[in-house]
Amino acid sequence: MAITSFLPPRRILMGPGPSDISPQVLQALSRPTVGHLDPLFITMMDEVKSLLQYAFQTKNSFTIALSAPGSAGMEACFVNLVEPGDKVIVCRNGVFGERMRENVLRCGGEVVVVDDEWGAPVSVDKVEQTLKAHPDAKALAFVHAETSTGALSDAQALGALAKRFGMLSIVDAVTSLGGVPLLVDEWQLDAVYSGSQKCLSCVPGLSPLTFSDAAIAKISSRKTPIQSWFLDQTLVLAYWSGEGRRSYHHTAPVNSLYALHESLLMLQQEGLENAWERHQTMHQKLKVGLENLGFEFVVDEAYRLPQLNAVYLPQGVNDGAVRQHLLKTYNLEIGAGLGGLAGKAWRIGLMGYAAREENVALCLSALEASLNTSK
Ligand SMILES: *Cc1c(COP(=O)(O)O)cnc(C)c1O
């Protein structure tokens, strides 16, 4: 059969990411491509930087969008900040903490893991005990919003602990940025990375990244070269920083950056606090509906992420069949359980543009109808 153009349906994306993208952002994506060193493009990149500083609530001059997905943002933090022999404390309460541990090992670092149950937040007390026992550690790494379970950890308390012990903090804010409060400067966080396709509701493939002066100082004082050429941020710095110093490092994903510019602009126009509140309001509505349908949440109310609702599957429900029915009949995607929760839970995302009244209503009515048909 002859291959023809790919024409995807318009799905409603309520999983763990990518999330629904607004028509406004999709439109920005299709604007004419200009050269990545075109003066107009460079002006737009300056705006992306200041919009990202707003989203992260930071004045860090090193605030960029890495040309790669969130996983590369994670890797960029570790390869730049961890030298062979460095001890790093890694908090693990889900899939992404485990990936951080693997990153440290691949950088030749020594890992001390602080484990918490899946669905629980990182225990600040346990971390404090661990930092006391390992004052020689160079960094503390943790996930702010664990997308595999829907648990929110106290990034402010953890950031303060790292500072008290003279360590850098490395923070995964892939799912938190734009969805829940994240105050990079006020909380004294050092290396924070995110992703374009979660609460920013942009196309996948970009990773917002910010480094504090302390993180930059660590990079500048390294004794060993950074093993990754592409992720070596000292090489990228020249592109993003100095006026008139934009030189070629790699070809920026021009159109994706138009889309990020547009989605960050939408966030700024809405206002961060309003965006956080919208996620919370939509979560409350979804929560009431889900509980009426008999669902139970994986995470305690006090630590629950509004943008990622992990709920246990009701007894006797066929995981794959229901999700497929939702996709086929309603064009609705919800997320399967990941890792330890595979087959046991669903993850319903309310991220960015997806955190809307009509999505909540559709999700609840589609679930109700689909659960009944599957019985
Ligand atoms: C999605 C996600 C990542 C990975 O981002 P990709 O863009 O898929 O590479 C990392 N950490 C968390 C918490 C995530 O939710």
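These numbers come from a predicted model, not from an experiment. (Residues numbered from 1 in each chain as written. Predicted model: local features only at pLDDT ≥ 70, side-chain atom pairs only at ≥ 80, totals over all residues. Heavy atoms only, no water.)

## A word on the overall build of the chain
Alright, step 1. Looking only at helices and strands, the chain features twelve helices and 13 strands.
Alright, step 2. For 375 residues, the compact-globule estimate of 2.2 N^0.38 gives 21 Å, and the chain sits close to it at 21 Å.
Alright, step 3. Dimensions along the principal axes, computed over C-alpha positions, put the chain at roughly 60 × 55 × 45 Å.
Alright, step 4. When each of the 375 residues of the chain is scored for burial, the buried share is 57%.
Alright, step 5. The long-range fraction of contacts in the chain, counting pairs at least 24 apart against all pairs at least 6 apart in sequence, stands at 73%.
Alright, step 6. With an accessible surface of roughly 15700 Å², the chain has 54% of that area assigned to carbon and sulfur atoms.
Alright, step 7. One finds the centroid of the 31 positive side-chain charges in the chain at a distance of 4 Å from the centroid of its 38 negative side-chain charges. (Helix = DSSP H or I, 4+ residues; strand = E, 2+ residues; numbered from the N terminus. Rg over C-alpha atoms; globule rule 2.2 N^0.38 Å. Buried < 20%, exposed > 50% of the residue type's maximum accessible area, 1.4 Å probe, protein only. Contact = heavy atoms within 4.5 Å. Areas by Shrake-Rupley, 256 points an atom, 1.4 Å probe, with all protein chains shown as cover. Lys, Arg positive; Asp, Glu negative; His and termini not counted. Charge placed at Lys NZ, Arg CZ, Asp CG, Glu CD.)

## Regarding the packing of aromatic side chains
Two aromatic rings, taken as a pair, are described by how far apart their centres are and by the angle between their planes.
Alright, step 1. Inspection of every chain in the model, using the stated rule, returns three aromatic pairs.
Alright, step 2. Relative to phenylalanine 211, the ring of phenylalanine 62 lies with its centre 4.8 Å away and its plane at 15°, an arrangement referred to as stacked. Highlighted residues: phenylalanine 62 in strand S2 (residues 62-66) and phenylalanine 211 in strand S10 (residues 207-211), separated in sequence by 149 residues.
Alright, step 3. A relative accessible area of 4% means that phenylalanine 62 is categorised as buried. (Phe/Tyr/Trp six-rings, centres within 6.5 Å; stacked < 30°, edge-to-face > 60°.)

## Here we look at the domain arrangement of the chain
Alright, step 1. Annotation of the chain at the domain level lists domain 1 (12-18 + 271-374) and domain 2 (23-268).
Alright, step 2. Taking only C-alpha atoms, the centre of domain 1 and the centre of domain 2 are 27 Å apart.
Alright, step 3. Counting residues at the interface gives 26 residues for domain 1 and 31 residues for domain 2.
Alright, step 4. When domain 1 packs against domain 2, close to 2200 Å² is buried across both sides, 68% of that on carbon and sulfur atoms.
Alright, step 5. Inspection of the domain 1/domain 2 interface yields zero salt bridges.
Alright, step 6. Counting across the interface, domain 1 meets domain 2 through ten residue pairs in polar contact (both at pLDDT 80 or more).
Alright, step 7. Looking at the side of domain 1 that touches domain 2, the elements with two or more residues in it are helix H10 (272-292) and strand S11 (308-312).
Alright, step 8. Top element by residues in the side of domain 1 that touches domain 2 is H10. It accounts for four residues.
Alright, step 9. Grouping the amino acids of the side of domain 1 that touches domain 2 by side-chain chemistry returns 17 nonpolar, seven polar and two charged. (Domains from an automatic or database assignment. Buried area = accessible area lost by both parts, 1.4 Å probe. Salt bridge = Lys/Arg side-chain N within 4 Å of Asp/Glu carboxyl O. Polar contact = N/O pair within 3.5 Å; in protein donor to acceptor, adjacent residues only side chain to side chain. Nonpolar A, V, L, I, M, F, W, Y, C, P; charged D, E, K, R; others polar.)

## Quick notes on the layout of surface pockets
Alright, step 1. By volume, the largest pocket amounts to about 310 Å³.
Alright, step 2. For the largest pocket, the lining is made up of 15 residues, of which Arg10, Arg11, Asp20, Ile21 and Leu26 are closest to its centre.
Alright, step 3. Across the lining of the largest pocket, the residue classes tally to ten nonpolar, one polar and four charged.
Alright, step 4. When residues of the lining of the largest pocket are assigned to domains, at least three fall in each of domain 1 (12-18 + 271-374) and domain 2 (23-268). (1 Å grid on protein atoms, 1.4 Å probe; cavity = no way out; pocket = protein on both sides within 12 Å on 5 of 7 lines; lining within 4 Å. Points joined across faces, edges and corners; volume = space filled by probe spheres on them.)

## What about the pairing of strand S3 (residues 87-92)?
Alright, step 1. Within S3, five of the six residues are buried, leaving the element largely enclosed by the surrounding structure.
Alright, step 2. Taken together, the six bridges between S3 and strand S4 (residues 110-115) define a ladder with parallel strand orientation. The residue of S4 that forms the bridge with valine 88 is valine 111.
Alright, step 3. Of the crossover connections in this fold, the one passing from S3 over helix H4 (residues 95-106) to the parallel S4 is right-handed.
Alright, step 4. Sheet analysis places S3 next to strand S5 (residues 139-143), joined by three bridges and oriented parallel. Of the residues in S5, the one forming a bridge with isoleucine 89 is leucine 140. (Pairing = 2+ DSSP bridges. Right-handed = clockwise from strand over helix to strand, strands pointing away.)

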